[in-house]
Structures are given as C-alpha cells and as structure tokens.
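Summary of the model geometry
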Amino acid sequence: QNPPMARFRGGMASTLGMVRAFSSSASSSFSSLAVVTEGVAKGGGFRSSVSGVQAVIFGSTGFLGRYVVNAVARGGTRVILPNRADDQEFMHMKLMGDLGQIVGFGNNSTPHILRDEALLGKALEGADVVINLAAREYETPNYKFGEINVDIPKRLARLAKAAGATKFVQTSCVGAASDAPNAYLRSKFDGEDAVRSEFDDASIVRLATLVGAEDRSTRDVASWVLKSPFTPLWDGGDTRFRPLHVADAAAGINIVAKSDDHAGKTLTFVGPKVFTKKEFADMVVKEVREPDNTLPLPLTLGLAMAKAKEVVTNRLPFQPPAWALDPNMTSDALLALSDGCHYDPTDAELAGADLKSVGIEPRDISKGLSLEHLRAYRYEGIDFGSTATDAGASVSLYKRHATQADGWQEMDVDAKVRKDIR
C-alpha cells in the first residue's frame, strides 16, 4: 500500500468521525458564549475597538440581517449570530468586525434552533442587547405566521430577560394592526404585544418596504420585466407606500439598540418619498432600460388566481416548487394591497420623522447609488440596455453587427465605437 495514501485515508476517517460525533451531540457541544466585558472597553469606537457590549442578532443571515450586523459590529460590539446552517452562511459577515468579534452559534444539526430553548439559552448568555429580525412574509410547511411572527419573538424576549439582557429590539412591519386586512400584518401586531408581555421596555421598529442589492422589491419587478410578457400591477398599481433603503433601516436599528432613549417605544421607519406601485415599477423599468410592459389588473383577478393556486399546492403530498411559493402571489400578500396597510402619505409626520429622530436622514431611493444593483439586469451589460441612450444604443447596435464579420474582436469593437462617439 501507499503509506502517504493510507495516512490520508486514516486522517479523513478521523475527521469524518469527529464531524459525526459533533452532529449527534449538538445540544451538548455548545459551550457558553458569555465573556467578561467589564473594564475591557478600549479604542475609539470603530471596528477594531472593544465596546464591552455583547449583542445577539437573530435572523442575521437574511437580507436585512447582514446590514444590521455591519452597523452593530462597526462600533466594536461583539456579535453572536445564532443560525441553522453551516459556517458558509455567515462567513462573509466575519469581516464586519475585528478578529473574534463575530461569532456564529449553530450549524446544520440545529435546523430548528429557534424552537430549542436550551440552545437559545446558551446563545443568550452574557447578552446585553438582543435584536430579533427573524420573520416570514409568507407561510411555509415548517413555519406558520403564528409561530414565526408571534410565538418565537415571545420566546426570545422571555429568554433574553432571563439572561439579563438590558435591551430588546423587535422588528415589525408598517401597517401592523389588529384589524389589518391580511393575516401577516395581524400576526406582526400580535408579535409586538407578545414581546412586550415578556420584555415590557422592548423597542419595536416598524419597517417599510426595503430596497437594496438583495431585495425582493426592485429585483422582483426587474425579473418580471425581463422574463415575462407583462408585469402585473394589482389593484391598478395605485397602492401607495414609502420604500426605505435597507442601510438606513439598519443604521436606525443600531441606534435604537444602543440608546436608552427609545426603550419601550414603537418607532416607524419609512422613506422620505411616496410612490404608487405604478411609479415604483416605472422607476425600475427606467433603470434596467427595458420597454414598459406593466399592465394594471383588478385585484379580484389576482385573488382568484392566487386562491386557485393555493388550493392545488396545499394538497400536494410534497414540497411545491419555488415558483409556486412566490410570496408576492399569495392571497394574503394581495390582500395587503386592498386597504390602507401603508401609512397615509399625506401625513407630514410620516416623512421619515422617526428615522430623523434617531439621527438618520433617509435617502431618496430614486437617486444616487440606491438602484445601482439593477444595472446587472440591463441587456448586453451595464452600459447598454434595450432602451439605452443614443450613444449606448449605437455602441450596442454596432457591436451586434461588427462581431458578425470575420476578424473582429469584441474588445476592439468597444474601443473603436467609444472613440467614434466621443
């Protein structure tokens, strides 16, 4: 036998054995993450500082989560990230803090960590601040609204209080109310009450529709525009709302979590500008440089289609495909468009007042870099697009024809045409 190969196989077997042993005893293998923080604060308050504060952030691997982790960690706060996946799910966030400041808790053997009070208790040991971002806008076979939006926040608030945390921040949704038109918004309101019943001075942050590089608002519209013959605008596209940039939301949540001034308060974070669904779609269409294929449709038609789909998918003996679980095409999501689930845009207090009160000036998402991520949807590259400017269209057209001939190289065509149009 080849001795080096034998040693390699032996090493692999040993490694696999350790992995299996770890996975089979996940609950007992996690040690306390509590650290002594008194008297260790140092630095000027930036990433390489040590603030002496330990924060636990639930839902950190989601869209909003990575921005909140970045905002919290940049001040030198030690951040614990409970999760239900392997290290790769949060590896990119380790760069947001200094060495050892971003700590994952959980792995593939803890898929339901939010239901395991023993593991949650260990994750919360030594926590000063707890931020809960975990939520669902639609129901799945594993998590219904009543559990993920009500029961789990209540459990986290109770355990955080028992662990000695001094601050608890619960994110909610604009339009949450006991008489809201759909189950999602009602469950978010019930979740607020459940958290306050366990942690009476918890801070509630109600968020508007978020916009950012990984969002499901602008990118969904861009996908419809590019891949479908038409983009439906339910209820005629007249629903009004105030979209907010995700970085502004994260900065505001960080300030609420650090300050004593907002304990026990309910704050509403919205953008400074009112959009209708039609205006929002037009903004995306213009940015991706595609012909406008939006089509206003009655809400009743959308509800009928969504309920017919749900009748079928709810009876399937297996997990439906991803396209069948489109969160924007459920009867519950469509019901939110039928009523004033978003604040009345005529109310002057809603122009980002709560964000301004915590020191954040919300940006206008229709300007600057807020929509830069949509350039990736432009046909033939970020400088082009089907409805590009005259110069851009000329370059695109010239490339398509010139590269048909023998001896042409695309890079040469780029250089020649750009020189000609200057």
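The structure under discussion appears in the preceding block.
Here goes a summary of the coordinates provided. Note that this is a predicted model, so its numbers are computed, not measured.

**What to know about the packing of aromatic side chains**
Where two aromatic rings form a pair, the distance of their centres and the angle of their planes describe that pair. Per the stated rule, a full pass over the model turns up 5 aromatic pairs. On the numbers, 6.1 Å between centres and 90° between planes, the contact of phenylalanine 275 with phenylalanine 280 is edge-to-face. In this structure, phenylalanine 275 and phenylalanine 280 share a single accessibility class: buried. Aromatic rings pair up to connect Phe241, Phe275 and Phe280 into one cluster. Between arginine 115 and the ring centre of tyrosine 143, over which it is positioned, the NZ or CZ distance is 4.4 Å. Directly above the ring of phenylalanine 199 sits lysine 161, whose terminal nitrogen or CZ lies 4.5 Å from the centroid.

**Here's the deal with the pairing of strand β2 (residues 78-82)**
Burial within β2 is extensive, with 5 of its 5 residues counted as buried. With burial as the criterion, each face of β2 is covered, one bearing Arg78, Ile80 and Pro82 and the other bearing Val79 and Leu81. Sheet topology note: the strand β1 (residues 54-58)/β2 ladder contains 3 bridges and is parallel. Counted as the bridge partner of valine 56 is isoleucine 80 from β2. Since β1 and β2 lie parallel, the crossover through helix α3 (residues 63-73) that links them has a hand, and here it is right-handed. Note: β2 against strand β3 (residues 102-105), 4 bridges, orientation parallel. Residue pairing in the sheet places proline 82 in a bridge with phenylalanine 105 of β3.

**Description of the pattern of salt bridges**
Summed over all chains, the structure comprises 12 salt bridges. As a salt-bridge pair, glutamate 137 and arginine 216 come within 2.7 Å of each other at their nearest N and O atoms. Placement of glutamate 137 in the loop between β4 (129-132) and α5 (145-163) and of arginine 216 in the loop between β7 (210-211) and α7 (218-227) is noted, with a sequence separation of 79 residues between them. When its relative accessible area of 43% is taken as the criterion, glutamate 137 is described as partly exposed. A single salt-bridge network, built from bridges that share partners, covers Glu117, Arg155 and Arg158.

**Description of the nonpolar core**
In terms of nonpolar packing, the biggest core is built from 36 residues, with Ile57, Leu64, Val68, Ile131, Ile253 and Phe269 touching the most fellow members. Core analysis: the second largest hydrophobic core is formed by 26 residues, Phe58, Val103, Ala134 and Val195 among them.

**Describing helix α10 (residues 299-313)**
An ideal rise of 1.5 Å per residue puts 21 Å on 15 residues; α10 measures up with 21 Å between its terminal C-alpha atoms. Of all the residues in α10, the buried ones are Leu299, Gly302, Leu303, Ala306, Lys309, Glu310 and Thr313. Looking straight down α10, one finds its buried side chains confined to an arc of 130°; they lie on one side. Within α10, the exposed residues directed more than 90 degrees away from the buried face are Thr300 and Val312. On its buried face, α10 is in contact with β8 (231-234), β13 (294-297) and α11 (331-335).

**A closer look at the pairing of strand β5 (residues 167-173)**
A large share of β5 lies buried, amounting to 7 of its 7 residues. Along β5, one buried face is formed by Lys167, Val169, Thr171 and Cys173 and the opposite face, lined by Phe168, Gln170 and Ser172, is buried too. Where β4 lies against β5, 4 bridges are found, and the strand directions are parallel. Among the inter-strand pairings, valine 129 is bridged to a residue of β5, identified as lysine 167. In the classification by handedness, the crossover that spans β4, the intervening α5 and the parallel β5 is right-handed. Pairing of β5 with strand β6 (residues 203-207), which is carried by 5 bridges, proceeds in the parallel orientation. When the bridges of β6 are listed, serine 172 appears paired with arginine 206. Remark: the β5/helix α6 (residues 183-198)/β6 crossover connection has right-handed handedness.

**Some words on the sheet that holds β4**
If you walk across this open sheet you meet the 7 strands as β3-β2-β1-β4-β5-β6-β11, and the pairing is parallel. Strands with a single pairing partner mark the edges of an open sheet, and in this sheet they are β3 and β11 (266-269). Adjacent strand axes in the sheet meet at a mean angle of 20°, parallel and antiparallel pairs treated alike. Against the sheet, helix α4 (residues 117-124) contacts β1, β2, β3 and β4, and its axis sits at roughly 145° relative to β1. This element, helix α8 (residues 246-258), spans β4, β5, β6 and β11 of the sheet and lies at about 150° to β5.

Conventions and cut-offs
Residues numbered from 1 in each chain as written. Predicted model: local features only at pLDDT ≥ 70, side-chain atom pairs only at ≥ 80, totals over all residues. Heavy atoms only, no water. Phe/Tyr/Trp six-rings, centres within 6.5 Å; stacked < 30°, edge-to-face > 60°. Buried < 20%, exposed > 50% of the residue type's maximum accessible area, 1.4 Å probe, protein only. Lys NZ or Arg CZ within 6 Å of the ring centre and 35° of its normal. Helix = DSSP H or I, 4+ residues; strand = E, 2+ residues; numbered from the N terminus. Pairing = 2+ DSSP bridges. Right-handed = clockwise from strand over helix to strand, strands pointing away. Salt bridge = Lys/Arg side-chain N within 4 Å of Asp/Glu carboxyl O. Core = buried A, V, L, I, M, F, W, Y, C linked by side-chain atoms within 4.5 Å. Expected span 1.5 Å × (residues − 1). Arc of directions from axis to C-beta. Contact = heavy atoms within 4.5 Å. Axes fitted to C-alpha atoms, helices over the stretch in contact; angles between N-to-C directions.

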